[in-house]
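An overview of the molecular structure
Now for the letters of each chain:
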Amino acid sequence: MGSLNTLTVRQAVDHLEQGACSSEELVRDLLSARTALDGTIQGYLQMDGERALAEARHADADRKKGRRGRLLGVPLAVKDILNVTGQACRCGSRILDGYTAPYDATAIARLRAEGAIFVGRTNMDEFGMGSSTENSAFGPTRNPWNSACVPGGSSGGSAAVVAADMALAALGSDTGGSVRQPAAFCGCTGLKPSYGRVSRYGLVAYASSLDQIGPLTKDVDDAALLLGVMAGPDPRDSSSVEALVEDYAAACGSDLKGMKLGLPRDYFVKGLEPAVEAAIRAAIERCRELGAEVVEVSLPHTSVAIPTYYIVATAEASANLARFDGVRYGFRAEGAEDVLEVYAKTRAQGFGPEVKRRIILGTYVLSGGYHDAYYVRAQKVRTLIRRDFEDAFKTCDAILAPVAPTAAYRLGEKMADPLQMYLGDIFTVPASLAGICGLSVPCGFTPAGLPVGLQVLGPAFGESRVLRVGSAYQKSTDWHRRRPALAAEGGR
Amino acid sequence: MKYLTTIGLEVHVQLKTRSKMFCGCPTGPGAPPNTQVCPVCLGYPGTLPVMNGEAIRLTVMTGLMLGCAISPYSKFDRKNYFYPDMPKNYQISQFDKPLCLGGSVEIDAGGGAVKAVRLTRIHLEEDVGKCIHQARRSGVDFNRAGVPLMEIVTEPDMETPDEAFAFLLALKQMLLYLGVSDCNLEEGNLRCDVNCSVRPEGQAELGTKVEIKNMNTFKGVHVALQYELDRQLEAVRTGERIVQETRRWEPEAGATAPMRSKEQAHDYRYFPEPDLMPVVLPPAQVEAWRAALPELPRQKRERFAAQYGIPEYDARVLAAQKAVADYFDEAARGASNPKLISNWVMTEMLRRLAEREMDIRDCKVTPAALRELAALAEIQAINSNTAKEVFAILFEQGGDPAAVVRERGWGQNSDGDAIGALADRVIAENAKSADDYRRGKEAALKFLIGQVMRLSQGKANPQMATEKLVQRLGRPGGTG
């Protein structure tokens, strides 16, 4: 057929069920698209074509034998931070060179149980630390809409391969915006579930109290489908929550009648790029037309969210990344004389500069004498941020906001100034700190032709609400169906 | 000037759970290196800990037994430091909200005095692996990594190495009573760090604290403390300043050596473990556990004295070890004279067990056999010497005491006529002794009884032999 790679997951499922195509044909088209495009985009770190085809044939054979599954034979791309049995899992880092995952992450296991196959690993900022995928030890990924621009991050590889039709859908992880922001930069749909909604077991930890696995898809319906498979409590993750897993597909309606949507005045401030603001305002209008009532809300602690995040996340990261020491798995530096040198050399050579910066920062904020001033205080501010949202959701059902203050920027533009890069997370980090859910849907383009993302935030475990808003919006717009010229031309 | 010495202990106790603290791996000793491991306890990327509820229960039970306050809200923290035996390079422990606070352990402070050593806290943490150093390389065995470890911290309430030793013995006894740990020192089930200091008499605040590590036995703790306190006393007497530091006990050298100073002390950068939820214990749960506490030494002591009518001293000795107490309890239950059972256990049994360094649970003399043996002696079916011989045989081979007596023809002779005949013969053959007795020399009777016993090959009932002799010789003539 030659263009099965452009299908959504739901379309692919229909094709497969109706016998319109086989899983093997799907994978072949993905492999061709990758061959055509990924030399430029560099979205995948690894894709074992032969193995993917073998698994696809296996799924096709299973179907013939009568096996059913919500995702039987559907190929998915996976961010390099999730453990998939038998696959490398390098987290965009040299330090995990040679590590092969001995187990499936719970989310992977649940998708696999429905028949999904995992065909490739996508590029990312090392350990999820970054907003541009430039912090990958294996080189940056490029934005399919403009290869001079970053795809966002840290799940930049996942967003880029979905946007460029090199994947039907991909998994990412979001700690401070790492699913939502690259989705916005690449013009695809990205969902960060509420903290506790999807098991973190098998997701290599960056900041344990913030990390969540989320899908990057071509539309909201696919995000709902994948969430429905992955969601729910897991005995292997004590932070996963028993909250009711709703029928997310059913939640994807087409109007917003009776819904109250909040606009946080604190998100429409100086620094928000006019083209981005214009697209967001237009999207808000569209929601109003769809029957929603739009009210202003206040999230007064927004301005302190970034420093709070960089204390909480780096503190946890400094402990989480301590295990990468060259003793048990992964990379070990040569020529060490004693165990301290093994640690020092392995970590000096194995980690990139941003990871080192955050480990040092996290170690500092937890150290004796500073612990109370930084870590303890940040936890208090985190509570205030959570309360901001709790208060806001008393007067609205969901919140509409920009995903990021700008569209994708050029490669290298912010690498010299980490602080500028950090500030780009201002609209995604608060929801992460509050543990609530957030969805990013395409809502327009800048004059330069770069996608803009609308963020829909919902209360903790209110995924149905954000999916309903996003789905209704998408059913009345076609931003999510636009494809970059690069992909349409089949590479250059 | 006189100096006072002060000692506090931190005791690590491996809890007896079937699986590790955060994963399903088994905890038993003796497995080949790295065979009881999984991605979770090896700290593989992406894995998460899941709390073993049994470890919480055992810790709380210990706290209840030792009179601690049980925290209704408790949490776990990460203790950060690098060491090759640490899979994650942080240890999941409890920092500021331990499961148990306060409590005490009663120790024998010498001369029958009892002293209460106060506890600061009991918390739960995960054990680490074990480094194995070979000639040219080192390895790590992670079988032990993630085994639940309960840390019991005392107040600085002990004053002598003897008291510290007594504390450890008393604590071990209690832990064995509760069955929360095997308390096997060789397998590292019980490990102990020591804090100690010296100060001039009359000074209220404690002296500079020195921590000692690496004692593998209770005796090791005793000698290390003796050495270290002597070192400190010597130092203060010569005007040297004690520095706050951690020292390492080196058993071969019989001395402590500096390990790290206060400046080099780790900054563990504790922070709450985000992967585990806080532990909230509803009062009803704690009360249910309290109700399930087994009978403890003191209660057992009191019951033994009341139920079996044995002296306070006996009850204390018998209740000291749970296994001994259980043995006695079983043997004494239904015995016509429990005091005799108590005598047997406290003398023959404990002596022979000590000689062989044996556990009473491995003893071949069953409680029922001991009860029967005591009964045979009591009804004088055998005499006391024979009874001891029977015990010795049972101790080696086990079996039924009546059968042993029968097989060897050791039944006691209580046939009055036969013994009377022997008495006649002995009097005839020992006229001088008989006269001595008649003249009032009591000791002569003992000799004559002995002769009856000899002729009967020890089987004559000694009391009956005495009666027959006295019958024939009449009362002693005078008392002078």
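Rules used in this analysis
- Residues numbered from 1 in each chain as written.
- Chains lettered and ligands numbered in written order.
- Predicted model: local features only at pLDDT ≥ 70, side-chain atom pairs only at ≥ 80, totals over all residues.
- Heavy atoms only, no water.
- Helix = DSSP H or I, 4+ residues; strand = E, 2+ residues; numbered from the N terminus.
- Rg over C-alpha atoms; globule rule 2.2 N^0.38 Å.
- Buried < 20%, exposed > 50% of the residue type's maximum accessible area, 1.4 Å probe, protein only.
- Contact = heavy atoms within 4.5 Å.
- Areas by Shrake-Rupley, 256 points an atom, 1.4 Å probe, with all protein chains shown as cover.
- Domains from an automatic or database assignment.
- Salt bridge = Lys/Arg side-chain N within 4 Å of Asp/Glu carboxyl O.
- Polar contact = N/O pair within 3.5 Å; in protein donor to acceptor, adjacent residues only side chain to side chain.
- Nonpolar A, V, L, I, M, F, W, Y, C, P; charged D, E, K, R; others polar.
- pLDDT = per-residue confidence, 0-100.
- Expected span 1.5 Å × (residues − 1).
- Pairing = 2+ DSSP bridges.
- Axes fitted to C-alpha atoms, helices over the stretch in contact; angles between N-to-C directions.
- Buried area = accessible area lost by both parts, 1.4 Å probe.
- Phe/Tyr/Trp six-rings, centres within 6.5 Å; stacked < 30°, edge-to-face > 60°.
- Lys NZ or Arg CZ within 6 Å of the ring centre and 35° of its normal.

Regarding the overall build of chain B
Secondary structure summary: chain B contains 15 helices and 17 strands in total. Rg of the C-alpha trace for chain B: 30 Å, well past the compact-globule value of 23 Å for 480 residues, more than 25% over. Along the first, second and third principal axes, the C-alpha set of chain B runs to 95 × 55 × 55 Å. Looking at chain B residue by residue over its 480 residues, the buried ones come to 51%. The long-range share in chain B, meaning contacts at least 24 apart out of those at least 6 apart in sequence, stands at 69%. Within the structure as shown, chain B displays about 22600 Å² of accessible surface, and the carbon and sulfur contribution to it stands at 51%.

Observations regarding the domain arrangement of chain B
Residues and elements named next belong to chain B. Each assigned domain of chain B is listed with its residue range as follows: domain 1 (3-287), domain 2 (295-408) and domain 3 (416-473). With 6 residues of domain 1 in contact, the opposing surface of domain 2 contributes 10 residues. If you look at where domain 1 meets domain 2, you find 1 salt bridge. With its nearest N and O atoms 2.7 Å apart, the salt bridge here joins Arg 298 to Glu 106. At the boundary of domain 1 with domain 2, the tally comes to 3 residue pairs in polar contact (both at pLDDT 80 or more). The element that contributes the greatest number of residues to the side of domain 1 that touches domain 2 is helix H2 (residues 161-178), accounting for 4 residues. Among the residues making up the side of domain 1 that touches domain 2, the classes are represented as 4 nonpolar, 1 polar and 1 charged.

As for the pattern of salt bridges
With the rule as written, the count across this model stands at 66 salt bridges over all chains. Between Arg 357 of chain A and Glu 354 of chain A there is a salt bridge, and its shortest N-O distance comes to 2.8 Å. Residue Arg 357 of chain A and its partner Glu 354 of chain A are located together in helix H12 (residues 353-366), separated by 3 residues, close to a single helical turn. Classification of Glu 354 of chain A as buried rests on a relative accessible area of 7%. Salt-bridge contacts for Arg 78 of chain B lead to Glu 273 of chain B; the nearest nitrogen and oxygen are separated by 3.0 Å. Of this pair, Arg 78 of chain B sits in strand E4 (residues 77-80) while Glu 273 of chain B is found in the loop between strand E16 (271-272) and strand E17 (279-280), placing the two residues 195 residues apart along the sequence. In this structure Arg 78 of chain B comes out as buried when scored by relative accessible area, which is 0%. Residue classification places Glu 273 of chain B among the buried positions, given a relative accessible area of 4%. Connected through salt bridges with shared partners, the residues Glu 295, Lys 300, Arg 303, Lys 322, Asp 326, Asp 329 and Arg 333 of chain B form a single ionic network.

Examining the confidence of the model for chain A
The pLDDT averaged across chain A works out to 96; a share of 99% of its residues lies at or above 70. Confidence drops under pLDDT 50 across residues 488-492 of chain A; counting only partners more than four residues distant or on other chains, this segment forms 7 contacts.

Some remarks on helix H5 (residues 297-308) of chain B
Two residues of an α-helix separated by three or four positions point the same way, owing to the 3.6 residues in each turn. Residue and element names in this part refer to chain B. The terminal C-alpha atoms of H5 lie 16 Å apart, and with 12 residues this matches the ideal 16 Å at 1.5 Å per residue to within 8%. Packing partners of the buried residues in H5 comprise H2, helix H6 (312-320), helix H7 (322-332) and helix H8 (338-356). Immediately beyond the C-terminal end of H5, within one or two residues, lies Gly 309, with a positive phi of roughly 60°.

Focus: the sheet that holds strand E6 (residues 212-217) of chain A
Each strand in a sheet pairs with its neighbour through backbone hydrogen bonds, running either in the same direction (parallel) or in the opposite one (antiparallel). Residues and elements named next belong to chain A. Judged by pairing direction, the sheet is mixed, and its 11 strands sit side by side in the order E1-E3-E2-E4-E6-E5-E10-E11-E9-E7-E8 without closing on themselves. Strands at the two margins of the open sheet, each flanked by one partner only, are strand E1 (44-46) and strand E8 (293-297). The mean inter-strand angle of the sheet, taken between neighbouring strand axes irrespective of direction, is 35°. In this structure, strand E2 (residues 75-79) lies alongside strand E4 (residues 170-174), joined through 2 bridges in parallel fashion. Each residue of the ladder has a partner; that of Ala 77, found in E4, is Ala 170.

Focus: the interface of chain B and chain A
Residue-level contacts link 31 residues of chain B with 38 residues of chain A. Of the roughly 2700 Å² buried where chain B meets chain A, counting both sides, 60% is carbon and sulfur surface. In this structure, the salt-bridge partner of Asp 275 of chain B is Arg 200 of chain A, at a minimum N-O distance of 3.0 Å. Our count for the contact surface shared by chain B and chain A stands at 19 residue pairs in polar contact (both at pLDDT 80 or more). Class assignment of the residues belonging to the side of chain B that touches chain A gives a composition of 21 nonpolar, 5 polar and 5 charged.

Let's talk about the packing of aromatic side chains
In the structure shown here, the tally under the stated rule is 28 aromatic pairs over all chains. Residues Phe 127 of chain A and Phe 324 of chain A carry aromatic rings whose centres are separated by 5.0 Å and whose planes lie at 40° to one another, so their mutual orientation is tilted. Of the two residues, Phe 127 of chain A is situated in the loop between strand E3 (117-122) and helix H5 (156-163) and Phe 324 of chain A in the loop between helix H10 (305-320) and helix H11 (339-350); the sequence distance between them amounts to 197 residues. Look at Phe 324 of chain A and you get buried, because its relative accessible area is 3%. For the ring pair Tyr 227 of chain B and Trp 249 of chain B, a centre distance of 6.3 Å and an interplane angle of 55° mean the geometry is tilted. Of this pair, Tyr 227 of chain B sits in helix H3 (residues 218-237) while Trp 249 of chain B is found in strand E14 (residues 245-250), placing the two residues 22 residues apart along the sequence. The class of Tyr 227 of chain B is partly exposed, set by a relative accessible area of 28%. Every member of this aromatic cluster is reached through a ring pair, and the members are Tyr 99, Phe 127, Phe 324, Tyr 329 and Phe 351 of chain A together with Tyr 44 of chain B. The side chain of Arg 90 of chain A reaches across the aromatic face of Phe 138 of chain A, ending 4.2 Å from its centre. Cation over ring: Lys 79 of chain B sits above Tyr 268 of chain B, and NZ or CZ is 4.4 Å from the ring centre.

Let's talk about the side chain of Asn 123 of chain A
Residues and elements named next belong to chain A. With respect to the helices and strands, Asn 123 occurs in the loop between E3 and H5. Among the polar contacts made by the side chain of Asn 123, one reaches the side chain of Ser 136 at a distance of 2.6 Å. Among the polar contacts listed, one links the side chain of Asn 123 to the backbone oxygen of Gly 139, at a separation of 2.8 Å.

Focus on the sheet that holds E4 of chain B
The sheet built from 3 strands is open, its strands ordered E5-E4-E16 (chain B) with antiparallel pairing. Two strands lie at the open edges of the sheet, namely strand E5 (90-93) and E16 of chain B, each paired on one side alone. Where E4 of chain B meets E5 of chain B, 4 bridges bridge the pair, whose relative direction is antiparallel. Bridging from a neighbouring strand, Lys 79 of chain B pairs with Gln 91 of chain B of E5 of chain B. Across the sheet, H10 of chain A lies against E4, E5 and E16 of chain B, angled at about 60° from E4 of chain B, the strand it touches most.

Structural notes on helix H14 (residues 442-455) of chain B
All names here are of chain B. In a regular helix each residue adds 1.5 Å, so 14 residues correspond to 20 Å; H14 covers 21 Å between its end C-alpha atoms and thus fits that length. Looking at the buried residues of H14, the elements they touch are helix H12 (416-429), helix H13 (431-438) and helix H15 (462-473). Within two residues after H14, Gln 457 carries a phi angle of roughly 55°, on the positive side.

Topic: the confidence of the model for chain B
Here chain B averages 91 in pLDDT, and 99% of its residues register 70 or above. For this predicted complex, the interface score ipTM comes out at 0.95, alongside a pTM of 0.88.

Some points on unusual backbone geometry
Comment: phi is negative for the bulk of residues other than glycine, and the bulk of peptide bonds are trans. In this structure, the amide linkage connecting Gly 153 of chain A to the following residue, Ser 154 of chain A, adopts the cis form with an omega of 10°. Considering the arrangement of structural elements, one finds Ser 154 of chain A in the loop between E3 and H5. For Phe 461 of chain A, which is not a glycine, the phi torsion comes out positive at approximately 65°. Relative to the elements of secondary structure, Phe 461 of chain A occurs in the loop between strand E11 (451-458) and helix H16 (463-475). Judged by its relative accessible area of 23%, Phe 461 of chain A falls in the partly exposed class. The backbone phi angle of Glu 357 of chain B is positive, close to 50°, even though this residue is not glycine. Here Glu 357 of chain B shows up in the loop between H8 and helix H9 (367-378). Note on Glu 357 of chain B: relative accessible area 75%, which makes it exposed.

Quick word on the pairing of E4 of chain B
Residue and element names in this part refer to chain B. Of the two faces of E4, the one lined by Asp 77 and Lys 79 and the one lined by Arg 78 and Asn 80 are each fully buried. Two elements, E4 and E16, share 2 bridges in a ladder whose sense is antiparallel. Bridged to Asp 77 within E16 is Pro 272.

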